[in-house]
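One letter stands for each residue in the lines below.
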Number of protein chains: 2
Amino acid sequence: MGIIVQKYGGTSVGSIEKIKNAANRVVQAVENGNKVVVVVSAMGKSTDTLVNMANEISNKPAKRELDMLLTTGEQITISLLTMAIGELGVEAVSLTGWQAGIITEADHGNARIKDIQKEKIVTYLNEGKVVIVAGFQGITEMGEITTLGRGGSDTTAVALAAALSAKKCFIYTDVPGVFTTDPRYVNGARKLHSISYDEMLEMANLGAGVLHPRAVEFAKNYNVTLEVASSMTEETGTLIEEDVSMEQNLIVRGIAFENDVTKITVSQLPNQIGTLSGLFSLLSKNSINVDIIIQNETGSKTVDISFSTSRSSLEDALAVLKAHKETLGYEAIRHEGDLAKVSIIGSGMISNPGVAAKMFAILAENDVTIKMVSTSEIKVSALVDEENMVPAVEALHRAFQLDDEENE
Amino acid sequence: MGIIVQKYGGTSVGSIEKIKNAANRVVQAVENGNKVVVVVSAMGKSTDTLVNMANEISNKPAKRELDMLLTTGEQITISLLTMAIGELGVEAVSLTGWQAGIITEADHGNARIKDIQKEKIVTYLNEGKVVIVAGFQGITEMGEITTLGRGGSDTTAVALAAALSAKKCFIYTDVPGVFTTDPRYVNGARKLHSISYDEMLEMANLGAGVLHPRAVEFAKNYNVTLEVASSMTEETGTLIEEDVSMEQNLIVRGIAFENDVTKITVSQLPNQIGTLSGLFSLLSKNSINVDIIIQNETGSKTVDISFSTSRSSLEDALAVLKAHKETLGYEAIRHEGDLAKVSIIGSGMISNPGVAAKMFAILAENDVTIKMVSTSEIKVSALVDEENMVPAVEALHRAFQLDDEENE
């Protein structure tokens, strides 16, 4: 009898009805002969409600107290889900993060898991009980309650799966799996049967909200097999495991995209050691997230640096740069808004050097101008005008044959 | 610099505005040179909301899980209050029941405090911080979250005051103190300056909802001075401490009353050892609470037993008695509804044997028939017709001079 971990996100436990539905799935898994550990998020928008209460009191509430506040959300869900499973005649027991032995660093609001003291969970599993664990939370060695930050419940689930050597970790959510691209925008978007950790990591980093990159990384490091599936259907979801694509034909497995991107160019900076690091340390210190970076020598003595950032960071970035004009020593700043980033992702491109060229050709054929480019081993991203975003994705989706079921 | 404990009930922290108000009071106490420990309840009706959610899932939710659920209510309040105090520039730290070292028995839903491991609180106090503790909750030695049952937050506050040798424990609520009788019914009702533990205990047991009898008992046992006061005014409340009345003139300190009382008479039971215990064990086993009991020999071989119970228990009590007619061996049952209990309370009556007689005389003068009587050292209770309840209380209030400020 193997152990499986199931994780239900906020939308999957967003009402009493949905909690009962989740309880049914848990009982089903028990009846199929599994030992089951369940990780849950807070119900629906309840975390937002708590955050709003804190904001009514303080515009910068102490992080320790915010953790104290927010961890109540998951604690409510674990107790209700446990009751619902009990109603179905199956023994279950709820555990908060600290009761489940999830030990974290002391970084309130964004703590990393250090260790899982799994004895209590193992004892309950051996007693034949389903164990329901509060996601997103843990405890420091000093007994302080912490939260794991964004994607925290996914990370809890994967970490427990790793610690318990679970045979599989199911991530139940409101979509039926991982898609080749966002089905809300692209008609031909198709659910993938499987995807590798690295591909999923790129997809997740590029905004495919279905799974947090941190959890994917954890799964990759501990070789935990994930399945992302809908909590509302019986449909098989998408498997995330190692080396899926190697034996297969598909070079590009998915296309991610996001809008609200801005490009900033800082021109004629002094061409010397430390220019790049000086500029980006400054931005980082001011909490401005930078994505693509391009450096261009404009002469032997000067250099132009362009980078992309989100629209919401534009004002801050410009203000910081202007305030440090003297120190940085640049000549001028330009910026260009209303941009979007389109990325193709696939492990197959490692051994197919022409993929980036093919992407550029497809975009050119469709009259899409490329503003910036960034590549990794399994990804190519291009910045384009926002109005070209969806047409570009559709063209790429067709050209790389992602809408063709046969290809997977 | 002494320690004080302040307890804010649900209505006193029922909104963000009220939490800010409580924060102001806490800061005031700090500025007055106190080390302050604060105990809070869940916000307003939030516990009811949680209970309703549980009831939507199960009509008999597991008590362990109900404790898991309900303890989130106080955890929300402690974090918000701590943030609000922080906003006022005073350092504060929140602690759940388990973090505060409140060790309880394993009786979920109604756990008694076994021990308080106060080291963490003491450390924070010595660092100059205000400590905000979640009321109503604790932890077993096995790490299980428990709740203390009704009046739990009052008990937490008093227990902490005892463990920390606090100079005073303030119970802030939505009324300005303890009254001679219920001001909603009796015009002359007057707030008491002070009252003894035993008197308060009788008042609390007789339904004066301001303070739970369990907390009063705890305070008496550990000699903790209490002050019940309004959280919305600066007015001094009512002191509860030992031997208040001994040096004073007042024989009766308060009058309590409740309606919805029913009297049941079981007639011609066998007059033998075990009749009384047999009858009341049976009722107790069926969770029927009995208040006043009277036994009357009706002949050498038979006995009549009457007892009072709440109207809501009447049906159950009659059903249980009828089902056991054979075993109990009685002849008939009668019952009389629409009754009320009126009680006078005062430590002074120990040394004043005529107090009960005076009470009966006053009631007789006012044409109030007494149906049953029960006395303790500091209390006399009489069952009367419900319609006579308020007139009886008013007459007693006047006759024992409770409306006269001079008397205290």
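Just so we're clear, the structure is a prediction, and the values are computed from it rather than from any experiment.

Chain B puts 26 residues into the contact, and the matching count from chain A is 27 residues. Among the elements of the structure, helix 1 (16-31), helix 2 (46-57) and helix 3 (63-87) of chain B are those that each provide at least two residues to the side of chain B that touches chain A. A per-element tally of the side of chain B that touches chain A places helix 3 of chain B first, with 14 residues. Here the side of chain B that touches chain A is composed, by residue class, of 13 nonpolar, 9 polar and 4 charged.

Let us now look at the relation of the copies chain B and chain A. Placing chain B over chain A gives an RMSD of 0.2 Å and needs a rotation angle of 179 degrees, together with 0.1 Å of translation along the axis. The two molecules are tied by a two-fold rotation axis, judged by turn and shift. Identified as the residue of chain B closest to the rotation axis by C-alpha distance is T72 of chain B, at 2.5 Å. Mapped onto chain A, 100% of the interface residues of chain B are again interface residues, and the two copies thus contact each other with one and the same surface.

Below, the discussion takes up the packing of helix 6 (residues 197-205) of chain B against helix 7 (residues 213-222) of chain B. All names here are of chain B. At a minimum axis distance of 9 Å, the contact between helix 6 and helix 7 shows a crossing angle of 170 degrees. In terms of orientation, helix 6 lies roughly antiparallel with respect to helix 7. Together, Y197, M200, L201, A204 and N205 of helix 6 and P213, V216, E217, A219 and K220 of helix 7 make up the contact between the two elements. Class assignment of the residues belonging to the contact of helix 6 with helix 7 gives a composition of 7 nonpolar, 1 polar and 2 charged.

Next up on the list: helix 12 (residues 389-399) of chain B. Residues and elements named next belong to chain B. Where helix 12 is concerned, the buried positions are M389, A392, V393, L396 and H397. All buried residues of helix 12 fall inside an arc of 130 degrees around its axis, so they share one side. On the buried face of helix 12, the contacting elements are strand 13 (254-270), strand 16 (332-345), helix 11 (355-365) and strand 18 (379-385). Looking one or two residues past helix 12, Q401 carries a phi angle of roughly 55 degrees, positive in sign.

The next subject is the pairing of strand 16 of chain B. All names here are of chain B. In terms of strand pairing, strand 13 meets strand 16 through 11 bridges, oriented antiparallel. For G254, the partnering residue across the bridge sits in strand 16 and is I345. Two strands pair when backbone bridges link them, and strand 16 and strand 18 are joined in this way by 7 bridges, in the antiparallel orientation. Residue pairing for strand 18: A340 is matched across the bridge by V384.

Of all hydrophobic cores here, the largest spans 228 residues; its most connected members are L81 of chain A together with L81 of chain B. Excluding anything up to four places from it in sequence, L81 of chain A contacts V13, I19, A22, A23, V38, V40 and I132 of chain A.

This part covers the domain arrangement of chain A. Residues and elements named next belong to chain A. Examined at the domain level, chain A breaks down into domain 1 (3-240) and domain 2 (254-401). The centre of domain 1, based on its C-alpha atoms, is set 33 Å off from the matching centre of domain 2. Taken residue by residue, the interface counts 13 residues in domain 1 and 15 residues in domain 2. Across the side of domain 1 that touches domain 2, the residue classes tally to 5 nonpolar, 5 polar and 3 charged.

With that settled, the discussion passes to the pairing of strand 3 (residues 92-95) of chain B. Residues and elements named next belong to chain B. The alternating pattern of strand 3 places A92 and S94 and V93 and L95 on opposite faces, both of which are buried. Taken together, the 4 bridges between strand 3 and strand 6 (residues 130-134) define a ladder with parallel strand orientation. Pairing of A92 across the sheet is with V130, part of strand 6.

Rules used in this analysis
- Residues numbered from 1 in each chain as written.
- Chains lettered and ligands numbered in written order.
- Predicted model: local features only at pLDDT ≥ 70, side-chain atom pairs only at ≥ 80, totals over all residues.
- Contact = placed C-beta atoms within 7 Å.
- Helix = DSSP H or I, 4+ residues; strand = E, 2+ residues; numbered from the N terminus.
- Nonpolar A, V, L, I, M, F, W, Y, C, P; charged D, E, K, R; others polar.
- Least-squares fit on C-alpha atoms with pLDDT ≥ 70 in both.
- Axes fitted to C-alpha atoms, helices over the stretch in contact; angles between N-to-C directions.
- Parallel < 35°, antiparallel > 145°, perpendicular 65-115°, else oblique.
- Buried ≥ 20, exposed ≤ 12 C-beta atoms within 10 Å, placed from the backbone.
- Arc of directions from axis to C-beta.
- Pairing = 2+ DSSP bridges.
- Core = buried A, V, L, I, M, F, W, Y, C linked by C-beta atoms within 7 Å.
- Domains from an automatic or database assignment.

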